[in-house]
Amino acid sequence: QVQLVESGGGLVQPGGSLRLSCAASGSTFSSYVMGWFRQAPGKEREFVASISCSGGSTYYADFVKGRFTISRDNAKNTVYLQMNSLKPEDTAVYYCAATRTMATTSEEYDSWGQGSQVTVSS
């Protein structure tokens, strides 16, 4: 399994931007599909975005299309989530996760990071 550590969360005003990073170790990063999920207080964990092993394919939840961008740097064993035009409803703990095939449900992911808090508030 791969070990994952997120960073880059914090407090941002509505309309602002943040970039989350997720550093991987312990296995061949480039052989994993990577995803981002989020969980707001009192809500289920939900899919945000995923990216293929090479980075050539991406998939987004409808509520982040046009605002968030997932990318990866296999040389640095890192996946990123660039978040623009943030809204208060984007407030959540954001998790990165790894799996072997493109997937959008949390049950399909094998490895998880510890999460990074993102708070969007004025």
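Scroll up to find the structure.
The rules behind the values
Residues numbered from 1 in each chain as written. Predicted model: local features only at pLDDT ≥ 70, side-chain atom pairs only at ≥ 80, totals over all residues. Heavy atoms only, no water. Helix = DSSP H or I, 4+ residues; strand = E, 2+ residues; numbered from the N terminus. Rg over C-alpha atoms; globule rule 2.2 N^0.38 Å. Buried < 20%, exposed > 50% of the residue type's maximum accessible area, 1.4 Å probe, protein only. Contact = heavy atoms within 4.5 Å. Areas by Shrake-Rupley, 256 points an atom, 1.4 Å probe, with all protein chains shown as cover. Lys, Arg positive; Asp, Glu negative; His and termini not counted. Charge placed at Lys NZ, Arg CZ, Asp CG, Glu CD. Disulfide = S-S within 2.5 Å.

## Some details on the overall build of the chain
Right, on to step 1. Check the secondary structure of the chain and you find zero helices and 11 strands.
Right, on to step 2. When the elements of the chain are put in sequence order from the N terminus, they spell out β-β-β-β-β-β-β-β-β-β-β.
Right, on to step 3. Its C-alpha atoms give the chain a radius of gyration of 13 Å, near enough to 14 Å, the size a compact globule of 122 residues would have.
Right, on to step 4. Structurally, the chain occupies a C-alpha span of about 40 × 30 × 25 Å along its principal axes.
Right, on to step 5. By residue count, 44% of the 122 residues in the chain fall in the buried class.
Right, on to step 6. Within the chain, contacts between residues at least 6 apart in sequence are counted, and of these 57% link residues at least 24 apart.
Right, on to step 7. Summed over its atoms, the accessible surface of the chain is roughly 5,900 Å², and 46% of this surface lies on carbon and sulfur atoms.
Right, on to step 8. For the chain, the centre of its 10 positive side-chain charges and the centre of its 10 negative side-chain charges are spaced 6 Å apart.

## Overview of the state of the cysteines
Right, on to step 1. Under the counting rule described, the total for this entry stands at one disulfide.
Right, on to step 2. For the unlinked cysteine Cys 53, the closest cysteine sulfur is that of Cys 22, found at 14 Å.

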